[in-house]
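Secondary and tertiary structure notes
Now for the letters of each chain:
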Amino acid sequence: MIELGVQKKPMERPMADNREADFLRELYEDWSSRMVANPGMSIADLRSMFDEWGKPAREPEGVSYKSGEVGGVPGIWVLPQEAEPSRVILYTHGGGFAVGSADSHRKLAGHLASALDVTAFIPDYRRSPEFPFPAQIEDGIAAYLGLVERGFQPRFITTAGDSAGGNLAIAIVLRLRELGRELPGSVIAFSPWLDMSLRGVTLEANAATDALVGRQILEGMISMFLGGGSTDPLNPLANPLENDFEGFPPLYVNAGGAETLLSDAQSLCEKARGAGVSVSLSVVPGMQHVFPALAGRAREADDELQRVAAWYRSI
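Residues numbered from 1 in each chain as written. Predicted model: local features only at pLDDT ≥ 70, side-chain atom pairs only at ≥ 80, totals over all residues. Heavy atoms only, no water.

Looking now at the side chain of Asn239. Of note, Asn239 is situated in the loop between helix H7 (215–225) and strand S7 (251–256). By relative accessible area, Asn239 is classed as buried at 0%. Among the polar contacts made by the side chain of Asn239, one reaches the main-chain carbonyl oxygen of Pro233 at a distance of 3.1 Å. Other than its neighbours up to four places away in sequence, Asn239 contacts Leu194, Asp195, Met196, Ser197, Arg199, Pro233 and Leu234. (Helix = DSSP H or I, 4+ residues; strand = E, 2+ residues; numbered from the N terminus. Buried < 20%, exposed > 50% of the residue type's maximum accessible area, 1.4 Å probe, protein only. Polar contact = N/O pair within 3.5 Å; in protein donor to acceptor, adjacent residues only side chain to side chain. Contact = heavy atoms within 4.5 Å.)

Pasting the structure below:
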């Protein structure tokens, strides 16, 4: 059993300007209602519910998928027809380090890879609570080094991810720096969840507009991720905001204006810019957590992916 302590909250809705963009908010509201109705939901049931994360995105055109293994980590290869074969995204899925999967995020990764004209690999990294920190980062490092062993040059590898996966996309680079390994050429983080101490001002300021993510659900995920308190929430690899970013690759970060984790994205960009990193931050008003998950359905998501692609080609 898992106790997330989720409480139903009234929603303010200064949301997107079209029905398709509201699809994600409505999905999140449904999840929140189901967790409120069943506060003792099992981890298996929670994972089954969050695998619905694949619903918002339309199937990307011209993209095929193949199960595989890289560096001993299982996952899914994402293969756009026109992809440049020498370039690859290592895409770490979101889900609070405990839920979500390569399959739940394959369409989002497919749209991103297609927009950038590259291939991608989505690792099915080990999840908490069965495998707490640092198992997820260890699997990310193994997959990255596996890509290098397959012949991908680090400068042509992009680490990318959403929510907790955005945390991993950044933490993998920080760990590679610790190990003295060559870093990837770029990093993309969609609505990254970074601060395990939950200090962001938008946790409260946007509590009425975020349809899913609140302090209580984050506290439950933190307990699982950090082994019930056995790891300090300020550990620099669990909490990327507790790092300097000297030598970090070019970084693209986005967030929805309605989400509680907006502060994490903003704080990351402030710290990285202070270290001289090339940073692009995109905040789209009215949008929910990981709104690029609406790719192929909502203009806001498709426009965002085009901004990511333009940035990628400029670095």
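With that settled, the discussion passes to unusual backbone geometry. Each neighbour pair has its own omega, and for Ser128 with Pro129 the value is 5°, a cis peptide bond. With an omega of 10°, the peptide bond running from Phe133 to Pro134 counts as cis. Turning to its location among the elements, Pro134 is positioned in the loop between strand S4 (118–123) and helix H4 (135–149). Even without being a glycine, Asp117 presents a positive backbone phi close to 60°. Looking at where Asp117 falls in the secondary structure, it is placed in the loop between helix H3 (106–116) and S4.

With six of its six residues buried, S7 lies for the most part within the structure. Both faces of S7 are covered, namely the face carrying Leu251, Val253 and Ala255 and the face carrying Tyr252, Asn254 and Gly256. Taken together, the four bridges between strand S6 (residues 186–190) and S7 define a ladder with parallel strand orientation. Opposite Val187, over in S7, you have Leu251 as the bridge partner. With helix H8 (residues 262–274) bridging S7 and the parallel strand S8 (residues 279–284), this β-α-β connection has right-handed handedness. (Pairing = 2+ DSSP bridges. Right-handed = clockwise from strand over helix to strand, strands pointing away.)

By the definition in use, this model includes 22 salt bridges. In this structure, Glu130 and Arg47 form a salt bridge, with 2.7 Å as the shortest nitrogen-oxygen distance. A residue pair is termed long-range when its members are at least 10 positions apart, and Glu130 in the loop between S4 and H4 and Arg47 in helix H2 (residues 43–50) qualify at 83 residues. Residue class for Glu130 comes out partly exposed when judged on its relative accessible area of 44%. Under the relative-accessibility criterion, Arg47 is labelled buried at 13%. Among the ionic pairs, Arg307 bridges to Glu304, the shortest N-O distance being 2.7 Å. Residue Arg307 and its partner Glu304 are located together in helix H9 (residues 299–314), separated by three residues, close to a single helical turn. (Salt bridge = Lys/Arg side-chain N within 4 Å of Asp/Glu carboxyl O.)

This paragraph deals with the confidence of the model for the protein. Low pLDDT marks stretches whose predicted atomic positions should not be read closely. Residues at a pLDDT of 70 or more form 94% of the protein, whose mean pLDDT is 95. Contacts for the low-pLDDT stretch residues 8–16, under 50 throughout, to residues beyond four places or in other chains number 29 contacts. (pLDDT = per-residue confidence, 0-100.)

For the rest of this paragraph, the subject is the environment of Thr202. Looking at the element boundaries, Thr202 is found in helix H6 (residues 202–205). Given a relative accessible area of 8%, Thr202 falls into the buried group. In this structure, Thr202 is in contact with Ala207, Glu259, Thr260, Leu261, Leu262 and Ser263, ignoring residues within four places of it in sequence. Side chain to side chain, Thr202 and Ser263 meet in a polar contact 2.9 Å long.

Pairing is mixed across the open sheet formed by eight strands, whose spatial order is S1-S2-S4-S3-S5-S6-S7-S8. Across the chains shown, the open sheet's two edge strands, defined by having one partner strand only, are strand S1 (63–70) and S8. Looking at each pair of strands side by side, their axes are set apart by 20° on average, direction ignored. Bridging between strand S3 (residues 84–92) and strand S5 (residues 157–162) involves five bridges; their strand directions are parallel. Bridge assignment links Ile89 to a residue of S5, and that residue is Thr158. Of the strands in this sheet, S1, strand S2 (73–80), S3 and S5 touch H4, which is tilted by about 175° from S3. Its contacts with the sheet put H8 on S7 and S8, and the angle it makes with S7 is roughly 155°. (Axes fitted to C-alpha atoms, helices over the stretch in contact; angles between N-to-C directions.)

Another point: the packing of aromatic side chains. Enumeration over the complete set of coordinates arrives at ten aromatic pairs. Seen in terms of ring centroids, Trp77 and Phe121 are 5.1 Å apart; in terms of plane orientation they differ by 55°. Their pairing is tilted. Of this pair, Trp77 sits in strand S2 while Phe121 sits in strand S4; the two residues are 44 residues apart in sequence, bridging distant segments of the chain. Take Trp77 and Phe121: they sit in the same class, and that class is buried. Here Phe245 and Phe248 contribute two aromatic rings whose centre-to-centre distance is 5.2 Å and whose plane-to-plane angle is 75°, an arrangement assigned as edge-to-face. Phe248 matches Phe245 in its accessibility class, with the two residues each being buried. In textbook terms, an aromatic cluster arises when at least three aromatic residues are bridged by ring pairs, as seen for Tyr28, Trp31, Phe50 and Trp53. (Phe/Tyr/Trp six-rings, centres within 6.5 Å; stacked < 30°, edge-to-face > 60°.)

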